[in-house]
Amino acid sequence: MKTRFSIILLLTTALTLLLIACSSQSSTTEDELEDTNSNIGHRIVVDHKGEQTLPEHPERIAVTYFSLTELLLSFNHPPVGANYFDDFVANFKALQPYYQGTEIVDIGSYNEINLEKLLDLNPDLILAAGSDGDASGNDQIYTQLTQIAPVFFIDSLKANDDWQWALLEIGRALNLEKDAEEIIAQYQNNLNDAKDQLSDSNEQTVLFVDVQDNGFYLWGTERLHYYNDLELTTPEPFDGTSQEISLEGISSLNPDHIFIHNRSDVELEPRLKELENSTVWNHIQAVQNNHIHLLESSAFSPGPIGITYGIETIINALNH
């Protein structure tokens, strides 16, 4: 009887140990699976701030530095929210077809981001930018942004100076590097075609200006890429420097074509009506030959969509 009890006790103990072992193994496997699953769909990317863990394929993207919005749209991926959108980016007509039918929530202006609105949008990626000396950058709120979602941060000064570099950076953030390369290649092909189309027109002199209350702002070759990219000719007295200039100064340069920046925040039509009554204005070649052309603000934005619009408008103007 004692022997039988001992055998039963031994079997019970063995079964208990087996169940504990199985439970332990099962728990370990679940922990390992959970740890593995936490890495699925994410990747390590290096940005201006260092290594970042970003979603493999981000869907809900917010932009907290306004010039990055156009770059994101060029991937046909409208953001769920963007700063300075309602009063600035939304006025760029060339961009509008790229987000038609979607809602982009305005989340503030420059570095004054409405963090509550941003949080409510539940983004899975934030595109931000900043640099030393860039007052509109996101450095001051960087920590708060990282508490809302993963942040990909780029050098804003470099981005504003070189949109192609910035586009490649955004492509890395979205895991769409090849798409970025294709966008740049397509732009380069369009630019080469444009230069071919202008080969018979590039002797005509060209100026790009903003109309101001008391004169003009003359865009120089160091600020506006169309001069060099399209190999446009400027009037001989013009040294290529951006500057404020009087009506008499424009008249002395006497270009064949004048492209006027048609800004959404400026009532241009009344100013042009005033100029029509000016003898000095009416003696300019461009005015006499009806070669005054309007360029809406998209053309002056640092991105492939606006620049392509600008190129197409310039070609049409110079070839007609």
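Residues numbered from 1 in each chain as written. Predicted model: local features only at pLDDT ≥ 70, side-chain atom pairs only at ≥ 80, totals over all residues. Heavy atoms only, no water.

Enquirer: Looking at this structure, how should I read the side chain of S278?
Expert: Following the sequence through the fold, S278 ends up in the loop between helix 10 (268-276) and helix 11 (279-282). S278 sits in the buried class, given a relative accessible area of 16%. Only 3.2 Å separates the side chain of S278 from the backbone nitrogen of W281, close enough to count as a polar contact. (Helix = DSSP H or I, 4+ residues; strand = E, 2+ residues; numbered from the N terminus. Buried < 20%, exposed > 50% of the residue type's maximum accessible area, 1.4 Å probe, protein only. Polar contact = N/O pair within 3.5 Å; in protein donor to acceptor, adjacent residues only side chain to side chain.)

Enquirer: How should I be thinking about helix 6 (residues 163-174) in this particular structure?
Expert: Given 3.6 residues per turn, any residue in an α-helix points the same way as the ones three and four places further on. In this model helix 6 runs 16 Å from its N-terminal to its C-terminal C-alpha over 12 residues, within 8% of the 16 Å that 1.5 Å per residue would give. For helix 6, every residue scored as buried is listed here: W163, A166, L167, E169, I170, G171, A173 and L174. Count one or two residues on from helix 6 and you reach N175, which has phi positive near 65°. (Expected span 1.5 Å × (residues − 1).)

Enquirer: Explain the packing of helix 6 against helix 7 (residues 177-197) here, please?
Expert: Packed helices, taken two at a time, are described by the angle between their axes plus the distance between the axes. Viewed as axis vectors pointing N to C, helix 6 and helix 7 meet at an angle of 155°, and their least axial separation amounts to 7 Å. The pairing of helix 6 with helix 7 is recorded here as roughly antiparallel in orientation. Handedness of the crossing formed by helix 6 with helix 7: right-handed. Across the interface between the two elements, W163, Q164, L167, L168, G171 and R172 of helix 6 pack against E177, A180, E181, I183, I184 and Y187 of helix 7. Broken down by class, the residue content of the contact of helix 6 with helix 7 amounts to seven nonpolar, two polar and three charged. (Axes fitted to C-alpha atoms, helices over the stretch in contact; angles between N-to-C directions. Parallel < 35°, antiparallel > 145°, perpendicular 65-115°, else oblique. Left-handed = near helix turned anticlockwise from the far one by under 90°. Contact = heavy atoms within 4.5 Å. Nonpolar A, V, L, I, M, F, W, Y, C, P; charged D, E, K, R; others polar.)

Enquirer: Sorry, what's going on with the nonpolar core here?
Expert: A general feature of soluble globular proteins is that nonpolar side chains tend to end up buried together. Of all hydrophobic cores here, the largest spans 78 residues; its most connected members are L127, F208, F216, Y226, L230, W281 and I311. Residue contributions to this core peak at seven residues, all from helix 13 (residues 304-318). Other than its neighbours up to four places away in sequence, L230 contacts L191, A194, K195, L198, I311 and I314. With 14 residues, the next largest nonpolar core counts V80, I113, L145 and A149 among its residues. (Core = buried A, V, L, I, M, F, W, Y, C linked by side-chain atoms within 4.5 Å.)

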